[in-house]
Each structure stands twice: as C-alpha cells, then as structure tokens.
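# Observations on the three-dimensional arrangement
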Amino acid sequence: MKHLTSTKDLTNDEILEIFKDAKEFLDEKPRDLLDNKLITTIFFENSTRTLSSFESAVKRLKANVLKLDISKSSSSKGETLLDTIANLNSMSPNAIIIRHMHSGIADYIKNHVNCPILNAGDGKHAHPTQALLDLFTIYEHFNGNIKNKKILIVGDIKNSRVATSNIELLQRFGLKISLAGPVHFMPNINLPKYTNLNDCIDDIDILMSLRTQTERHQKSIYASLKDYASDFCINKKLLKDKNIILMHPGPVNRNIDIDDEILNDQRSLILKQVKNGVAIRMSVLKKLILNNN
Ligand code: CP
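Reading guide: rules and limits
- Residues numbered from 1 in each chain as written.
- Predicted model: local features only at pLDDT ≥ 70, side-chain atom pairs only at ≥ 80, totals over all residues.
- Heavy atoms only, no water.
- Pairing = 2+ DSSP bridges.
- Helix = DSSP H or I, 4+ residues; strand = E, 2+ residues; numbered from the N terminus.
- Axes fitted to C-alpha atoms, helices over the stretch in contact; angles between N-to-C directions.
- Contact = heavy atoms within 4.5 Å.
- Near = heavy atom within 4 Å.
- Polar contact = N/O pair within 3.5 Å; in protein donor to acceptor, adjacent residues only side chain to side chain.
- Areas by Shrake-Rupley, 256 points an atom, 1.4 Å probe, with all protein chains shown as cover.
- Nonpolar A, V, L, I, M, F, W, Y, C, P; charged D, E, K, R; others polar.
- Salt bridge = Lys/Arg side-chain N within 4 Å of Asp/Glu carboxyl O.
- Buried < 20%, exposed > 50% of the residue type's maximum accessible area, 1.4 Å probe, protein only.

## A word on the sheet that holds strand β3 (residues 95-100)
Read from one edge of the open sheet, four strands run β2-β1-β3-β4, paired in parallel fashion. Each end of this open sheet is capped by a strand with a single partner; those strands are β2 (64-68) and β4 (117-122). Across the sheet, the mean angle separating the axes of adjacent strands is 15° when strand polarity is ignored. Sheet topology note: the strand β1 (residues 38-43)/β2 ladder contains five bridges and is parallel. Each residue of the ladder has a partner; that of T41, found in β2, is K67. Lying on the sheet, helix α10 (residues 270-290) is in contact with β1, β3 and β4; it crosses β4 at an angle near 140°.

Given below as structure tokens:
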C-alpha cells in the first residue's frame, strides 16, 4: 500500500507523472475518475487552503467526501486517535487525509488502516502536497527549466513543515536553496543562511516567504511580530523591480510576512499556488487510489 506521509514517498519519476496529470486537471473540468469512491478527511488543526483544496479535488473527481468534524467528534470524550482511525477505517474509505499538530502522526497511523493515508500536515514534520504544489508552480512558471534555479526561503524555517518538505523536494530537483531569517528560526542544516535580506536578495529567482509559527513556539519570542517584520517583511523597498517570483503557502500575516502592496504585485504567485494545489491533489488522489500497488 502506497501512502503519502512525506515527499520521500515519491520518486522523481512519480512526481513528474503527477505533474503531467495536474497540468491536464488545471482545466478545472469534473472527471469520473474516482466515481463512488469515499475519501475521509480528519483535521485536528485548522485549515483554509488544504482542507478546501482536497475537498475540491475529491468533488472534481466525482468521489464522495466524509469530513469528520473534530470539534463534534468523540475525541472530546477521550477516544484515542487510534480508536478514531480504526472506526473510520471500518467504514471502508478509499483514502484518509489527516492533519495533526504532532509530528509523525501520519506515519504512526498508516499501519493501522486498509487504505492510503495522505498527510495534510503533521506538526513541524511534513506537508507533502504543499511542497508538491509549490514545486509544480515553479515548474510551470519556468516551463520545466528548474535545475539550478535559486530559491530563498524566508521566515520561521525551523518550525515550518512546509519548509522541511520543500527543502527535501526542491533540492532533489536541482534547485539551489538559501535560508533567511533570525537565528532562532534557523534549522540545523547545511544550507547557506542569512540574517539580513539585503545580503541575499540580488541573486535569486524565487522568494518563498513563510508565516511565523507562533503556535509551535515553546515561549513567546517577539512581544510584537512587528519587530520581526521590521527585518523580514517582504516589501517594495526590498524587491524593487527585481525579476523574481514570490511565493507563500498561506495563511499570510499581512504586513508581517509580506507587505500589502507586494501581495498585489504581478510577481506574486500566491493565489496561483492555491489554484495549482487543487490540480496537484486531484493527481495525487488519482495515483494513490487508482494506481496503488
Ligand atoms: N498552506 C496551508 O497548509 O494552509 P492551511 O493551513 O490553510 O491549510
């Protein structure tokens, strides 16, 4: 049984196949590919994009979605996660999509079900479909010529599952990654690191800004995120007329991560990432449910 708990579950060839399907799915037409299949979503953390993107993908493939509302589930009565999963698994879904605040949960449950598990984000660990849609957005923008493109990831990298998954995936496809942010947001990995955006902004093709993950901080780091923004908010003064594309997985903290003016700039691909995400998730669901061997 093939699952998608991290980007490492897919080979480069499999990812290029996913991109090929996703490109077709960008037409947003409904397809009968998963007619009568049942997809269960369980989100223990809030979500706007990932949950609605998966639901859109399921509906465009003519499958049915069973959304467990955690706030009304028996988790509040003390039911363990494994018991919740065992009960949902007994209803014979064709896939289970899970988001959880703890790293490793998707890998933990995959041995207890009879269907593919799709990780929609687990703690700081991984967010594989986000990284796939990010790479697909870059791949589409540069017409597939992505080898040696230079990407700067800015923000709370240490606490970001989006960063973890992108660092694994983008390096595998030959992109050159640099990191920028305050030292306390830097992971202990061997990549070029900067604490001043002016030192690294001139020599990049792609800038990926990330949200400060305050919900994952053990203690409050900034009295106000404006202190962070004074050094790391992406604004017109920094970008000038540079020929780069700007990305962000969302949700954006406006005027903290990215300035209002730059969010409306034509170099911003943030809403294109969201559109591409539905196509990527259709493609991933198709692969895991129809071609799983
Ligand atoms: N990018 C992302 O995971 O956004 P949500 O938290 O809204 O799903």
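Structure shown, so let's carry the discussion forward.
## Describing the site of the ligand
Every residue close to the ligand is listed here: S47, T48, R49, T50, R99, H127, Q130, P249 and G250. A distance of 2.8 Å separates an oxygen atom of the ligand from a polar atom in the backbone of T48. Side-chain polar atom of R49 to an oxygen atom of the ligand: 2.9 Å apart, as the coordinates give it. Out of a free accessible area of 260 Å², the ligand has 91% covered by protein chains. When the residues that make up the shell around the ligand are grouped by side-chain class, the tally is one nonpolar, six polar and two charged.

## Remarks on the pattern of salt bridges
Taken as a whole and judged by the stated rule, the model has 16 salt bridges. K72 is the salt-bridge partner of D69, the closest N and O atoms lying 3.4 Å from each other. We classify D69 as partly exposed; its relative accessible area is 32%. Residue K72 is classed as exposed on the basis of its relative accessible area, which comes to 72%. As a salt-bridge pair, D260 and R254 come within 2.7 Å of each other at their nearest N and O atoms. A relative accessible area of 49% places R254 in the partly exposed class. Taken together, the salt bridges that share partners define one network made up of K2, E14 and K287.

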